[in-house]
Amino acid sequence: MKIQENKAVLIHYTLKNDDGEILDSSEGQEPLAYLHGHGNLIPGLEDELEGKVVGDVLRVSIPPEKGYGLHDSGQIIKVPKSKFGEVEEIAIGMQIEAHTSDGQRVFTVQEVAADTVTLDGNHPLAGKTLHFNVSVQNVRDASPEEINHRHVH
Ligand code: ZN
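Thresholds, definitions, all that
Residues numbered from 1 in each chain as written. Predicted model: local features only at pLDDT ≥ 70, side-chain atom pairs only at ≥ 80, totals over all residues. Heavy atoms only, no water. Donors = N, O, S within 2.8 Å, 3.2 Å for Na, K, Ca; no water. Helix = DSSP H or I, 4+ residues; strand = E, 2+ residues; numbered from the N terminus. Buried < 20%, exposed > 50% of the residue type's maximum accessible area, 1.4 Å probe, protein only. Pairing = 2+ DSSP bridges. Axes fitted to C-alpha atoms, helices over the stretch in contact; angles between N-to-C directions. Core = buried A, V, L, I, M, F, W, Y, C linked by side-chain atoms within 4.5 Å. Contact = heavy atoms within 4.5 Å.

Just to check I follow, could you spell out the coordination of the zinc ion for this structure?
Protein coordination of the zinc ion is provided by His-149 (ND1), His-151 (NE2) and His-153 (NE2), with donor distances spanning 1.9 to 2.2 Å. Mapped onto the sequence, the donors of the zinc ion take the spacing H-x1-H-x1-H.

Here it is, written out as structure tokens:
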């Protein structure tokens, strides 16, 4: 059975950056289950998996445009340090969840100055080329309920 829209798919994957460092992996855990064709994976990975079958192994490099998007400097904001009253120590690279008018968002601390903190609201993988190693573990028809919910159960 080929991977196409409305198939429930199980994959094992390892994600590396340009330096070959592992950023994420399903190895040693349950494989990742997803519903194909509903935007549950980044677009580039869904494109590459289309038409694949159980046992297929892929090594693919996905550009930012088909991954987590380009890095947008408009997403970088400066916030007064006083807003972090209850946070004991603010360190570069720390991730902070905040409620904004766009809902819950994650910011990464980019710079800490005497009285301001620079936060980057881009996805941590924005602007990065993503190097995936993927093996297809299982492909089945999704149930009508799964298709309705747009995720696997
Ligand atoms: Zn559901």
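Once the structure has been displayed, the description carries forward.
Any chance you could explain the side chain of Thr-118 here in plain terms?
If you trace the backbone, Thr-118 turns up in strand E8 (residues 116–120). The buried category is assigned to Thr-118, whose relative accessible area is 5%.

Even after reading the chapter, I still don't get unusual backbone geometry, so can you show me in this structure?
Glycine aside, negative phi is the norm for most residues, and most peptide bonds take the trans geometry. For Asn-6, which is not a glycine, the phi torsion comes out positive at approximately 70°. By the element assignment, Asn-6 lies in the segment before strand E1 (7–16). A positive phi angle, close to 65°, is found at Arg-150, a residue other than glycine. As for its placement among the helices and strands, Arg-150 is situated in the segment after helix H2 (144–149).

Got a minute to help me understand the sheet that holds strand E5 (residues 76–80) in this structure?
Within a sheet, adjacent strands bond to each other through the backbone by hydrogen bonds, running parallel or antiparallel. Taken together, the 4 strands give an open sheet; going across it, the order is E5-E8-E7-E6, and neighbouring strands pair in antiparallel fashion. The strands lining the two open edges of the sheet, one partner per strand, are E5 and strand E6 (95–100). This sheet shows a mean twist of 45° between the axes of neighbouring strands, independent of strand direction. Of the pairings in the sheet, the one linking E5 to E8 comprises 5 bridges and is antiparallel in character. Across the sheet, Ile-76 pairs through a bridge with Asp-120, a residue of E8.

Which parts of the structure should I look at to understand the nonpolar core?
If you look at the biggest cluster of nonpolar residues, it comprises 19 residues, and the most contacted ones within it are Leu-45, Leu-49, Phe-132 and Val-134. Those elements that place two or more of their residues in this core are E1, helix H1 (43–49), strand E4 (57–62) and strand E9 (130–141). Leave out the neighbours within four places in its chain, and Val-134 touches Ile-11, His-12, Tyr-13, Leu-45, Leu-49, Asp-56, Val-57 and Leu-58.

Which parts of the structure should I look at to understand the pairing of E8?
Side-chain direction in a regular strand flips from residue to residue, so the side chains alternate between the two faces of the sheet. Burial analysis of E8 places 4 of its 5 residues in the buried class, the great majority of the element. The pairing of strand E7 (residues 103–112) with E8 spans 4 bridges and is antiparallel. For Thr-108, the partnering residue across the bridge sits in E8 and is Asp-120.

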